[in-house]
Amino acid sequence: MAHRVETQRIRVNLRSGQTVTIPGWRVDSGTAGPCLLLTAAQHGNEVQGAEAIRRFVEDAAERLTNGRVFAVPMVNLPAVRERRPHIRMRPEQPYGDARGHNMNHWWSGEKSGNDTARLARAIYEAIGAEATHALDLHCWEKHKAGAVLVRDVPGIRELAGKLGHRFVDIRPPNDRTLGGYFCATGRVGITYEFSGQYVVLEHEVRHGLMLIRNLAKALGMLPGRLSAGHRSVLFSDECESVDVTAPCSGLFVTAPGGVYESVVEGRLLGHVLSDIDLSVHQIHAPTDGYLRVFGASRANCDVAMPGHHPYVTKGERLATVAFKVN
Ligand SMILES: [Zn+2]
């Protein structure tokens, strides 16, 4: 039986006296169960989760058996409209220079705070307070594999392992993130980072959709078996990783392949073309494992193009291979 998808419009009063309206969806199975909050784009350049949520809501409308789904695909809509991580940023301003506007430091918001805190508060009051579980979707830069981020709480750790994603990072508690606030208030909060900012990539969206479906299935909200996804799940506290660094300066040209993939020791990862004598230096995997980072990238590459440049200096990181330790 199909359920109605209700569109909710959350009005936020800004300091200027203007208002902004954040749209969200609600789907109610009509049967008791968990109340799952799905959010994306707290940072305006991290938009892949919005499309994964849209597809999941369609699915939930057809198949939700228990509980309710609340979804806000563009939580920080003003930052999305400005096409930057936070509101009111200059070109190339680093993420960390947020000036109080990093929304994921503000949960559960402040009614009389700055505009970012007001957005968080309005969204929390409208739909967050009722939720029993939260999955908050972000994106890392494209060279870095996506990851499920959780704190080391037994039930949550187990749930994270069921989502079908290769990398699960155990993070120290931070009660001001959306996921952290849910944990701090005795609920389940999980954060997921897609790979790739400023883009919506079909393979990443499909993978994110699988994660949301697996979470809903694990919570008894959707029928069916969990998808296997990445069969081997690596918890960060059960892993080690090795950085592969540039033997000289030059252009790093990657071999075919990408993050998440398994590699065997000695596999060709690419080469560096020296800018001194034009010699070619092959780069090989130092150990068996999985590619956690692949490609030249450096600080601030989430907001400035030079951070993506394949020109590397000697010793710069080219890749990171993660592997399980026994
Ligand atoms: Zn983010």
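Residues numbered from 1 in each chain as written. Predicted model: local features only at pLDDT ≥ 70, side-chain atom pairs only at ≥ 80, totals over all residues. Heavy atoms only, no water.

Enquirer: Pulling in residues and values, what's your account of the packing of aromatic side chains?
Expert: A complete count under the given rule lists 3 aromatic pairs for this structure. With a centroid separation of 5.5 Å and an interplanar angle of 85 degrees, the aromatic rings of Y124 and Y181 are classed as edge-to-face. Of the two residues, Y124 is situated in helix 3 (residues 115–128) and Y181 in helix 5 (residues 178–184); the sequence distance between them amounts to 57 residues. An angle of 70 degrees between the planes, with centres 5.0 Å apart, marks the rings of Y192 and F194 as edge-to-face. (Phe/Tyr/Trp six-rings, centres within 6.5 Å; stacked < 30°, edge-to-face > 60°. Helix = DSSP H or I, 4+ residues; strand = E, 2+ residues; numbered from the N terminus.)

Enquirer: So, the layout of surface pockets: which residues are in play, and what are the values?
Expert: Looking at the largest pocket, its volume works out to about 560 Å³. Across the lining of the largest pocket, the residue classes break down as 8 nonpolar, 12 polar and 7 charged. Within this model, the second largest pocket holds a volume of roughly 200 Å³. As for the second largest pocket, its lining consists of 14 residues, of which Q197, Y198, C301, M305 and H308 are closest to the centre. Class assignment of the residues belonging to the lining of the second largest pocket gives a composition of 7 nonpolar, 3 polar and 4 charged. Counting contributing residues, the lining of the second largest pocket receives three or more from each of domain 1 (5–218) and domain 2 (237–324). (1 Å grid on protein atoms, 1.4 Å probe; cavity = no way out; pocket = protein on both sides within 12 Å on 5 of 7 lines; lining within 4 Å. Points joined across faces, edges and corners; volume = space filled by probe spheres on them. Nonpolar A, V, L, I, M, F, W, Y, C, P; charged D, E, K, R; others polar. Domains from an automatic or database assignment.)

Enquirer: Give me the lowdown on the pairing of strand 11 (residues 250–254), citing residues and values where you can.
Expert: Where strand 11 and strand 13 (residues 268–274) come together, 5 bridges link them in antiparallel fashion. Residue pairing in the sheet places G250 in a bridge with S274 of strand 13. Sheet topology places strand 11 next to strand 16 (residues 311–312); 2 bridges connect them, and they run antiparallel. By the bridge assignment for strand 16, G250 is matched with V312. (Pairing = 2+ DSSP bridges.)

Enquirer: So what about the pattern of salt bridges? Which residues, and what values?
Expert: Throughout the structure, instances matching the rule amount to 20 salt bridges. Two residues, E51 and R55, come together in a salt bridge whose shortest N-O distance is 2.7 Å. Of the two residues, E51 and R55 are both situated in helix 1 (residues 48–63); the distance of 4 residues between them amounts to about one turn of the helix. The shortest N-O distance in the salt bridge between R267 and E261 comes to 3.5 Å. (Salt bridge = Lys/Arg side-chain N within 4 Å of Asp/Glu carboxyl O.)

Enquirer: Just give me the short version of the state of the cysteines, but keep the residues and values in it.
Expert: Counted by the stated rule, this structure contains 0 disulfides. For the unlinked cysteine C301, the closest cysteine sulfur is that of C139, found at 13 Å. Relative accessible area serves as the criterion here: at 6%, C301 is assigned to the buried category. (Disulfide = S-S within 2.5 Å. Buried < 20%, exposed > 50% of the residue type's maximum accessible area, 1.4 Å probe, protein only.)

Enquirer: Now, about the sheet that holds strand 10 (residues 239–245): what can you tell me, with residues and values included?
Expert: Taken together, 4 strands build an open sheet; the order of strands is 10-17-15-12 and the sheet is antiparallel. Edge positions in the sheet fall to strand 10 and strand 12 (262–263), since each has one partner strand and no second. Relative to strand 17 (residues 317–324), strand 10 runs antiparallel, the two being bridged by 7 bridges. The residue of strand 17 that forms the bridge with C239 is K324.

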